[in-house]
Amino acid sequence: IADTVITRKASSRIGEYALKLAMTRPRKQLHVAHKANVLPLTQGLFLNTVLEQAKNYPEVKTQDIIIDNCAMQLVIRPERFDVLVTTNLFGDIISDLTAGLVGGLGIAASGNIGLDNAIFEPVHGSAPDIAGKGVANPSGLLQGAILMLVHIGQPEAAARIKNAWLRTLED
């Protein structure tokens, strides 16, 4: 019985997206985080699929990194990363870890981007436990809106909101 399903098609789709995203970044760098050393069938398929695709993007410096080491490196040397791609389970864990590095779940945003649709939200979701109390931090929501605006090709609007948010934090 398998408790996870990883397909070549899905791995190819997420790998292609990550490589194209890396192409837009100044460093053109992609880390593929995996656990193929322990889970060779599922994680190995994901890793090999993305690395095979990377051959079509010679401008992108693609490196694989075992997820354990990746988590540690994100804590001690986060600046070494630019674009990081991994599977759903590890991505969920890493997104919470990196949210903690920048101030917590209330500040971090999430983008779930598919072929036809995309959803952007605060990492923490709706936080119903604090609804109506006037204590919610809108930063995660604003960051999600910024990600959405960039995704739909409105980087100028995204920059205006980001700059206003940063000024507010400084004040």
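For the structure itself, consult the block above.
Computed from a predicted structure; not experimentally measured.

Some thoughts on helix α1 (residues 8-24)
Taking 1.5 Å as the rise per residue, α1 with 17 residues should run 24 Å; its terminal C-alpha atoms sit 24 Å apart, in good agreement. All buried positions along α1 are accounted for by S11, G15, A18, L19 and A22. Projected onto a plane normal to the axis of α1, the buried residues spread over an arc of 100° and lie on a single side. Opposite the buried face of α1, at more than 90 degrees from it, the exposed residues are K9 and T24.

What to know about the packing of helix α5 (residues 139-151) against helix α6 (residues 155-170)
The relative placement of two packed helices is expressed as an angle between their axes plus a distance between the axes. Between α5 and α6, the least distance of the axes is 7 Å, while the angle of their chain directions is 160°. What the angle tells us is that α5 and α6 run roughly antiparallel. With respect to the hand of their crossing, α5 and α6 are arranged in left-handed fashion. Mapping the contact onto sequence places S139, L142, Q143, I146, L149 and V150 in α5 and P155, A157, A158, I161, K162 and W165 in α6. Residues that form the contact of α5 with α6 fall into these classes: 9 nonpolar, 2 polar and 1 charged.

Thoughts on the environment of S110
Here S110 lies in strand β4 (residues 109-113). Note: C-alpha distance between S110 and A145 (35 residues apart in sequence) is 9.8 Å. Setting aside residues up to four positions removed in sequence, S110 forms contacts with I119, F120, E121, P122, V123 and L147.

Basis of the calculations
Residue positions within a chain follow its written sequence, with the count starting from 1. Whole-chain, interface and lining totals are the exception, using all residues; otherwise, since this is a predicted model, local features are given only for residues with pLDDT of at least 70 and side-chain atom pairs are given and counted only at 80 or more. Side-chain measures here rest on the full set of heavy atoms in the structure, leaving out hydrogens and waters. The secondary structure listing takes helices from DSSP runs of H or I that are at least 4 residues long and strands from runs of E that are at least 2 residues long, numbered from the N terminus. What a helix is expected to span follows from its residue count: subtract one and scale by 1.5 Å. Here's how the labels work: a residue is buried when its accessible area is under 20% of the maximum for its type, exposed when over 50%, partly exposed in between, all with a 1.4 Å probe on protein chains only. Each direction from the helix axis to a C-beta atom contributes to the arc, which is the arc of those directions. Think of each axis as a best-fit line through the C-alpha atoms, taken over the contacting stretch in the case of a helix, with angles from 0 to 180 degrees between the N-to-C directions. Between 65 and 115 degrees an angle is taken as roughly perpendicular, under 35 as roughly parallel, over 145 as roughly antiparallel, and anywhere else as oblique. The sense of a crossing depends on the near helix, which, turned anticlockwise from the far helix by less than a right angle, makes the crossing left-handed and, turned clockwise, makes it right-handed. Contact definition: two residues touch when any of their heavy atoms are within 4.5 Å. Here the term charged refers only to Asp, Glu, Lys and Arg, the term nonpolar to Ala, Val, Leu, Ile, Met, Phe, Trp, Tyr, Cys and Pro, and the term polar to all other amino acids, Gly among them.

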